[in-house]
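# Survey of secondary and tertiary structure
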Amino acid sequence: MITQLPIINLLLFLGMALIIPLFKKRSFSLTTNLGLGVLFLVWISSIVLLYHVITEGAFYYQLGNYDRMLGIELLINTFSVLFSLFIVSLVIIIYIYSTGDATEGVAEKEYGRYYILLFILLFAMLGILYTNDLFNTYVFMEILSITTVSIISIKRKKENYTAAFRYVMLNEVGSLSYLFGVALLYMITGYTNIELVSEGVQSGWSLYPANILTAIGFMVTGIGIKAAIFPFHIWLPDAHSTAPSSSSAILSAVVVKVYILIMIKILFRVFGIDIIQAVHIPTVLLVIASIGMIMGSIFAIAQTDVKRMLGYSSVAQIGYIVMGIGMVSMLGLQAAFFHIFSHGLMKAALFLSVGAVIYHKKIRNVNEFDGIGFQMPVAMFVFSIAALGMIGVPLTTGFISKLNLGLAALDAGQVVLIVVLIVSGFLNALYYLPIMISAFLKDNKDQQRVMRVEKIPKTMLVPLVVLGGLIIAIGLFPGELLSLLEAAALSLT
Amino acid sequence: MNDIIIKSITRLIIPFIQLYGVYIILHGHVSPGGGFAGGAMIGTSLVLYTLVFGIDKSKQKFSHRVSEYAESGGILLYVSLGLIGIVITGSFLTNIEAGFPIGNPGSVLSGGMIPLLMVGIGIKVASTFITLFHTLIEEEVV
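Residues numbered from 1 in each chain as written. Chains lettered and ligands numbered in written order. Predicted model: local features only at pLDDT ≥ 70, side-chain atom pairs only at ≥ 80, totals over all residues.

### Notes on the overall build of chain B
In plain terms, the rule: Strands are runs of DSSP state E lasting at least 2 residues, helices are runs of H or I lasting at least 4, and numbering of each runs from the N terminus. In this scheme every C-beta is placed from the backbone, and a residue whose C-beta has 20 or more other C-beta atoms within 10 Å is buried, one with 12 or fewer is exposed, and one in between is partly exposed. Whether two residues are in contact depends on their C-beta atoms, placed from the backbone: they are in contact if these lie within 7 Å.
When its secondary structure is counted, chain B shows five helices and zero strands. Seen through its principal axes, chain B has C-alpha atoms that stretch 55 × 35 × 20 Å. Here chain B holds 142 residues, and 33% of them are scored as buried. Across chain B, the fraction of contacts at a sequence separation of at least 24, relative to all contacts at a separation of at least 6, is 64%.

### Some thoughts on the environment of Ala-239 of chain A
Residue and element names in this part refer to chain A. Tracing the backbone shows Ala-239 in helix 9 (residues 235-242). Measuring from C-alpha to C-alpha, the distance between Ala-239 and Val-149 comes to 8.6 Å, with 90 residues separating the pair along the chain. The contacts of Ala-239, once residues within four sequence positions are left out, are Ile-152, Ala-163 and Tyr-167.

### Focus: the nonpolar core
Definition in use: Only buried Ala, Val, Leu, Ile, Met, Phe, Trp, Tyr and Cys residues enter a nonpolar core, and they are joined through C-beta atoms within 7 Å.
Within the largest apolar cluster, 175 residues are counted, with the highest numbers of intra-cluster contacts made by Phe-13, Met-125, Ala-348 and Ala-349 of chain A. Among the elements that take part in this core, helix 10 (residues 245-278) of chain A stands out by supplying 19 residues, more than any other. Setting aside residues no more than four positions away along its own chain, Phe-13 of chain A makes contact with Val-38, Val-42, Phe-119, Leu-122, Phe-123 and Leu-126 of chain A. Judged by nonpolar contacts, the second largest core, of 18 residues, contains Leu-26, Tyr-78, Val-119 and Ala-126 of chain B.

### Details of the interface of chain A and chain B
As a reminder of what qualifies: Charged means Asp, Glu, Lys or Arg here, nonpolar means Ala, Val, Leu, Ile, Met, Phe, Trp, Tyr, Cys or Pro, and polar covers whatever is left, Gly included.
Between chain A and chain B, the residue contacts involve 15 residues of the former and 17 residues of the latter. If one sorts the elements of the side of chain A that touches chain B by residue count, helix 1 (residues 5-19) of chain A sits on top with six residues. Grouping the amino acids of the side of chain A that touches chain B by side-chain chemistry returns eight nonpolar, five polar and two charged.

### Quick word on the confidence of the model for chain B
Worth spelling out the cut-off: The quantity called pLDDT is the predictor's confidence in a given residue, expressed from 0 to 100.
Looking at chain B, pLDDT values average 88 and 97% of them are 70 or higher. Across the predicted assembly, pTM comes out at 0.93 and ipTM at 0.90.

### Topic: helix 8 (residues 209-226) of chain A
Residue and element names in this part refer to chain A. The cut-off we apply is this: The span one expects for a helix is its residue count, reduced by one, times 1.5 Å.
Between its terminal C-alpha atoms helix 8 stretches 26 Å, which fits the 26 Å expected from 18 residues at 1.5 Å a residue. Considered for burial, the residues of helix 8 that qualify are Ile-212, Ala-215, Ile-216, Phe-218, Met-219, Val-220, Gly-222, Ile-223, Gly-224, Ile-225 and Lys-226. The secondary structure elements touched by the buried residues of helix 8 are helix 6 (158-189), helix 7 (194-204), helix 10 and helix 11 (281-301). One or two positions beyond helix 8, positive phi appears at Ala-228, with a value near 60°.

### Quick notes on unusual backbone geometry
The backbone of Lys-362 of chain A sits at a positive phi, close to 60°, despite the residue not being glycine. When you line up the elements, Lys-362 of chain A lands in the loop between helix 13 (330-361) and helix 14 (372-375).

### Overview of the pairing of strand 2 (residues 73-76) of chain A
All names here are of chain A. Basically, it comes down to this: Two strands form a pair only when DSSP identifies at least two bridges running between them.
Of the two faces of strand 2, the one carrying Glu-73 and Leu-75 and the one carrying Leu-74 and Ile-76 are both buried. As judged from the four bridges shared by strand 1 (residues 59-62) and strand 2, these two strands associate in the antiparallel manner. If you follow Gln-62 over to strand 2, its bridge partner there is Glu-73.

### A look at the confidence of the model for chain A
Summing up the model confidence of chain A, the mean pLDDT is 89 and the portion of residues at 70 or higher is 96%. The secondary structure element of chain A with the lowest average pLDDT is helix 14 of chain A, at 81, and the one with the highest is helix 5 (residues 134-152) of chain A, at 93.

### Focus on helix 19 (residues 479-490) of chain A
Residue and element names in this part refer to chain A. Filter applied, for reference: It is the directions from the helix axis to the C-beta atoms whose arc is reported.
Look at helix 19: 17 Å from first C-alpha to last across 12 residues, which is about the 16 Å you get at 1.5 Å a residue. All of the buried residues in helix 19 are Leu-485, Ala-488 and Ala-489. Buried residues in helix 19, looked at end-on, bunch into an arc of 95°, giving them a common side. Facing away from the buried surface of helix 19 by more than 90 degrees, the exposed residues are Gly-479, Glu-480 and Ser-483.

Structure follows, in structure tokens:
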């Protein structure tokens, strides 16, 4: 029975997306409650699966009982289950927030559509993590980009359409270069199943080095565009800042990470460490990660719109994750995984708290944040926790991930990377600290210094507090998570 | 369009287009075509009706409500056929092993559940076609 849970998870999300339009005439709270129920069911089943995988080991699932050479195969190991649990948990928090705010600037009759898109998005993300097939990954990637572009353009404003159009054009280039890489690999091996392709690539490496080199290049570049790795980041700030706050949180904290996880899967499971080192992928990744970490922060300093600033900050933080991958060591991979978790939590907290400010005060400009800490203490407090995490102050998850990255860099003997880490941390401080200072230390225009909890819906306040608590809790006790992440990194090889 | 020739020809030709669509859907497992191609044909016939007789009349025949039910229903049919496989053999979308009759290969009644899946896809594609077209017509320009 437990082996059926992955497909049931996928079908629950798909089914939920399908029945939302049928409930159009009923009250909207029915839809949101049902959606929350589905999310909790999947959450519980992910926990059961994680326990099962840790105690009994990984297992395969053949759709339609076809042989793996012909059919689609799902591989359920610690990697896929742990990250699907992470995605579902984070989305539950953001989902509860979104039922309060639903979404600034979205027309009332569009709410149903927003949740349909959200559940198809979740379906695609879990599918990408579970599947053990390169072409199947491509299909889910297309579903993911189509739903993402619809979520970005759901506000029906001119700037949303511009951002969505730019997103869809660049991401289509990314998808197609990934598909071209898959086709080249199919030419060599004759399969699309990841394990069979991997065997074929290892034995065919000496015969067809040019084909495999081209395939790596196209696949890594294609996914790099979709994951907004530095030189391909230009779509990200527009797309993430114009979307409604709760979907910015999902896009920035979860969706981008899924593409990075595909990249990890391809580099380590399809090609293997020997081949990627022979074609110098690690060096390329380390260089673009370092440039991205510095440049992303410098771009962020120049922004006045707070959500655009957070978007550029995401570019820098993706650099950290790519740097961990580029070290191609167990420690580096573990640090990258940990930063996926901690950046997910911190960026979700930042976007949601800024979303609460935008909802309550209707301000987006960084210069207007004077004294806002007295009017919205909870939101700004959570914002400060997450911002301190981004800078890498101890007691937060950000510190632990920077520590792990630094240790991995020392282990790899790359002292330059530690300098980059420290400089990037300083640059982060340069654009996060001014907001905190103006929010808590400056006076606002009305000279009010009375602190009271802001009047925003409870469903928005509670997720913010939970996120802030999680950032500190995992920052204080990272041991359990780190050992799980080590198991996930081991399950890749 | 107030042209008697176009209206008469459209009235004549729509049943044949739809019949051909149904034929393509049901023969998806033995000949080229299938759920998507056949569904697109049925959808196109409805688009033709909208073009000739106008959106108001078309909506009386095939309203938004109906197409919403058809869209969700097509996929739900597909998923529920897959669930039969989970119950009987323990694997999603199992075909012959889950007890669907294999029939006489090459004839229309063969291939286990594939014709039924094609019907689901056909319904979904046809209703999506017409919904997309109606949405594009009604979209107000920002």
